[in-house]
Amino acid sequence: MKKVSIFCIFYLFFQSGCFLAPVAETVIAPLTTGVIAWKNADAYKYYNQEPDILYRSMKLALAKLDHQIIQDCKLEDGTYYILAGKKDSFKIHIRKVENNISEILIRVNFLGNKPYAELIFHNVDENLNVINFDEQGQPTKFNLSPDLNQ
């Protein structure tokens, strides 16, 4: 019986053509793109970090990519919100999911832009363990408590 059901699943999958493509994409895409998940033109990625560290890394990534930060605030629930970009608009939310697990959500423009979001995630990943130093050799600090009224 087990062999028959496995055969039926494979037969349905391979004989369906493009009919099951959306199902396969939602199941397989997060596995093939690493840990970036896509839903309604938003890119999600989970990190084993606190939101403050991800916020610092995101600001470094945006500065490295020469994106102007238009709005930068920390919401009451501890979520960081960043609106950045000149020509392209980036809406970024950084929120705590559980202890030591945080999520970054990026939406590029109105409809989303997968390669651009992946570029930003790549730069965030590179900056997670980076410490910048000033001229005196002291670590530089970002303002991790932006004004709520900005």
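Residues numbered from 1 in each chain as written. Predicted model: local features only at pLDDT ≥ 70, side-chain atom pairs only at ≥ 80, totals over all residues. Heavy atoms only, no water.

(A) Inspection of helix H3 (residues 51–64) at higher detail. If you check H3, its first and last C-alpha atoms are 20 Å apart, about what 14 residues at 1.5 Å a residue would give, namely 20 Å. Along H3, the residues that are buried comprise Pro51, Leu54, Tyr55, Ser57, Met58, Lys59, Leu60, Ala61 and Leu62. Tucked into the core, H3 has its buried residues touching strand E2 (42–47), strand E3 (69–74), strand E4 (80–84), strand E5 (90–98), strand E6 (101–108) and helix H4 (114–127). (Helix = DSSP H or I, 4+ residues; strand = E, 2+ residues; numbered from the N terminus. Expected span 1.5 Å × (residues − 1). Buried < 20%, exposed > 50% of the residue type's maximum accessible area, 1.4 Å probe, protein only. Contact = heavy atoms within 4.5 Å.)

(B) Layout of a nonpolar patch on the surface. On the surface, Tyr46, Val97 and Ile101 cluster together to form a nonpolar patch covering roughly 240 Å² of accessible area. Of note, Val97 is situated in strand E5. (Patch = residues over 30% accessible without salt bridge, like charges linked within 9 Å, V, L, I, M, F, W, Y side chains within 5 Å. Areas by Shrake-Rupley, 256 points an atom, 1.4 Å probe, with all protein chains shown as cover. Salt bridge = Lys/Arg side-chain N within 4 Å of Asp/Glu carboxyl O.)

(C) Region of the structure containing the packing of aromatic side chains. This structure, assessed with the given rule, holds two aromatic pairs. Both rings, one in Tyr55 and one in Tyr80, keep their centres 4.3 Å apart while their planes meet at 20°; by these two values the pair is stacked. Of this pair, Tyr55 sits in helix H3 while Tyr80 sits in strand E4, and the two are 25 residues apart along the sequence. Accessibility classification places Tyr55 together with Tyr80 in one group, the buried group. (Phe/Tyr/Trp six-rings, centres within 6.5 Å; stacked < 30°, edge-to-face > 60°.)

(D) Local environment of the pattern of salt bridges. Tallied over the entire structure, the rule returns six salt bridges. Residues Arg107 and Asp42 are paired through a salt bridge, measuring 2.7 Å at the closest nitrogen-oxygen approach. Of this pair, Arg107 sits in strand E6 while Asp42 sits in strand E2, and the two are 65 residues apart along the sequence. Where Lys96 meets Glu50, a salt bridge forms, and the shortest distance between an N and an O atom there is 3.3 Å. With Lys96 in strand E5 and Glu50 in the loop between E2 and H3, this pair connects stretches of sequence that are 46 residues apart. With a relative accessible area of 40%, Lys96 lands in the partly exposed category. The partly exposed category is assigned to Glu50, whose relative accessible area is 28%.

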